[in-house]
Amino acid sequence: MLRRWWFMERLRPTVPEQRTPEVSKERQQLVLEEWAAARERLDRLVSARVTAVGDVLRTAELPPGAGLSAPPGSDPRARGDCAWAFDAFQAAGKLLDEAADLPDLAAAAVLADRALERFAAVQARAAGQPVPKATRRCFYNPLHTAAEDTHSPARKQHRQRARRRTGPREAAADRRPACPSCRRAILAGQTPDVLPALIPVKLSRLRTARVLVPYYAVPQQWSLWSVCACGAYGDEWPSLVLRGEHRKRAAAARKR
């Protein structure tokens, strides 16, 4: 089985203040060049990842009764999981081809990884083996390493001991799933290394600038990905992508 998680080159764009009343042409050009370079790197890495997952899925043997043409009476859970896995992989390919922004590419990688996880779960159940636990993705950047398991017994005991001295930073670090690096940054009062998105900001009646913001700050009417860590949580995202919902929301952002 392929490695479940992988590292991309760290993207560290400067996030401009959205309330800035003026953005110079030089600053705007710098932002766009920075975004284009990040997109090129991420497109290359995600393409390789989706291709690798596709190779695994194409060569893997389906457990008996798990295929889409399985006979009546076969395991409905296995059929459903296999169908979801193949839809997620198809959605990943569609996002890779039609990505309008960095979160679309991140979602392609996340859905491809989740397709592999779901398929591995089907195989484990068919073989009578323990089902691998699904990976918790980092909310701040789903392409980071897996989020820390804050529900483990050791973490629960630590929280119980520290409950009386928990401050706002500790509360913020526990609010969302976070990888060790992002969690350390929050505890230190720093901004985590977030996945950026490019959005339009109206500066005046006649002028609009494009700025980089955390992907989760993008309004939901402009992006599928701001509330689900780029498809990491919830099962509705493959069907929405296959229906073209990601394109509709990206078009709504462009019309601003």
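> I tried to follow the overall build of the chain on my own but got confused; where do I start?
Per the secondary structure count, the chain includes eight helices and two strands. Written out in order from the N terminus, the α and β elements of the chain read α-α-α-α-α-α-β-β-α-α. Going through the 256 residues of the chain one by one, you find that 46% of them count as buried. Within the chain, residue pairs in contact and separated by at least 24 positions form 68% of the contacts whose partners lie at least 6 positions apart. Surface exposure of the chain reaches about 14000 Å², of which carbon and sulfur atoms provide 52%.

> Can you help me understand unusual backbone geometry in this one?
Residues other than glycine predominantly adopt negative phi, and peptide bonds predominantly adopt the trans conformation. The backbone phi angle of Ala 229 is positive, close to 55°, even though this residue is not glycine. Inspection of the secondary structure assignment puts Ala 229 in the loop between strand 2 (208-214) and helix 7 (237-242). The exposure class assigned to Ala 229 is buried, which follows from its relative accessible area of 0%. Its identity is not glycine, yet Cys 230 carries a phi of approximately 60°, on the positive side. For Cys 230, the position within the fold is in the loop between strand 2 and helix 7. Residue Cys 230 is classed as buried on the basis of its relative accessible area, which comes to 0%.

> Just to check I follow, could you spell out the nonpolar core for this structure?
Where a protein is soluble and globular, its nonpolar side chains tend to be buried together. By size, the foremost hydrophobic cluster in this structure holds 64 residues, and its most contacted members are Val 46, Tyr 140, Trp 225 and Cys 230. Every element with two or more residues in this core is listed here: helix 1 (25-59), helix 2 (76-98), helix 3 (102-126), helix 5 (168-175), helix 6 (180-187), strand 1 (196-202), strand 2 and helix 7. Excluding anything up to four places from it in sequence, Trp 225 contacts Leu 95, Pro 103, Asp 104, Ala 107, Tyr 215, Cys 230, Gly 231, Trp 237 and Val 241.

> How should I be thinking about the pattern of salt bridges in this particular structure?
Opposite charge on two side chains permits them to pair, given that their charged atoms come into close proximity. Per the counting criterion, the structure on display carries 12 salt bridges. Linking Glu 98 and Arg 247 is a salt bridge whose minimum nitrogen-to-oxygen distance equals 2.9 Å. In this pair, Glu 98 sits in helix 2 while Arg 247 sits in helix 8 (residues 245-254), placing the two residues 149 residues apart along the sequence. Residue class for Arg 247 comes out partly exposed when judged on its relative accessible area of 39%.

> Can you help me understand the layout of surface pockets in this one?
In this approach the atoms are scanned with a rolling probe the size of a water molecule, which exposes any empty space left behind. Size it by volume and the largest pocket reaches roughly 320 Å³. As for the largest pocket, its lining consists of 19 residues, and the residues nearest its centre are Ala 100, Asp 101, Leu 198, Ala 250 and Ala 253. Sorting the residues of the lining of the largest pocket by element identifies helix 3, strand 1 and helix 8 as the ones contributing at least two each. For the lining of the largest pocket, the class distribution of residues is 13 nonpolar, two polar and four charged.

> How should I be thinking about the pairing of strand 1 in this particular structure?
Both faces of the sheet carry side chains from a regular strand, because those side chains alternate between them. Of all the seven residues making up strand 1, six are buried; the element is thus mostly covered by neighbouring parts of the structure. Summarising the sheet, strand 1 and strand 2 pair through seven bridges and their orientation is antiparallel. From the neighbouring strand, Ala 197 faces strand 2, where its bridge partner is Val 213. Taking the residues between adjacent antiparallel strands as the criterion, strand 1 and strand 2 are bridged by five residues.

> Quick question: what am I supposed to make of helix 6 here?
Working note: α-helix, 3.6 residues per turn, so residues spaced by three or four point in the same direction. Within helix 6, burial applies to Cys 182, Arg 183, Ala 185 and Ile 186. Burial along helix 6 is one-sided: seen end-on, the buried residues are contained in an arc of 160°. One or two residues past the end of helix 6 sits Gly 189, with phi positive at roughly 75°.

> I tried to follow helix 3 on my own but got confused; where do I start?
An ideal rise of 1.5 Å per residue puts 36 Å on 25 residues; helix 3 measures up with 37 Å between its terminal C-alpha atoms. Gly 128 sits one or two residues past helix 3 and shows a positive phi near 70°.

Criteria and thresholds
Residues numbered from 1 in each chain as written. Predicted model: local features only at pLDDT ≥ 70, side-chain atom pairs only at ≥ 80, totals over all residues. Heavy atoms only, no water. Helix = DSSP H or I, 4+ residues; strand = E, 2+ residues; numbered from the N terminus. Buried < 20%, exposed > 50% of the residue type's maximum accessible area, 1.4 Å probe, protein only. Contact = heavy atoms within 4.5 Å. Areas by Shrake-Rupley, 256 points an atom, 1.4 Å probe, with all protein chains shown as cover. Core = buried A, V, L, I, M, F, W, Y, C linked by side-chain atoms within 4.5 Å. Salt bridge = Lys/Arg side-chain N within 4 Å of Asp/Glu carboxyl O. 1 Å grid on protein atoms, 1.4 Å probe; cavity = no way out; pocket = protein on both sides within 12 Å on 5 of 7 lines; lining within 4 Å. Points joined across faces, edges and corners; volume = space filled by probe spheres on them. Nonpolar A, V, L, I, M, F, W, Y, C, P; charged D, E, K, R; others polar. Pairing = 2+ DSSP bridges. Arc of directions from axis to C-beta. Expected span 1.5 Å × (residues − 1).

Read these as layout, nothing more, since geometry by itself doesn't imply function.
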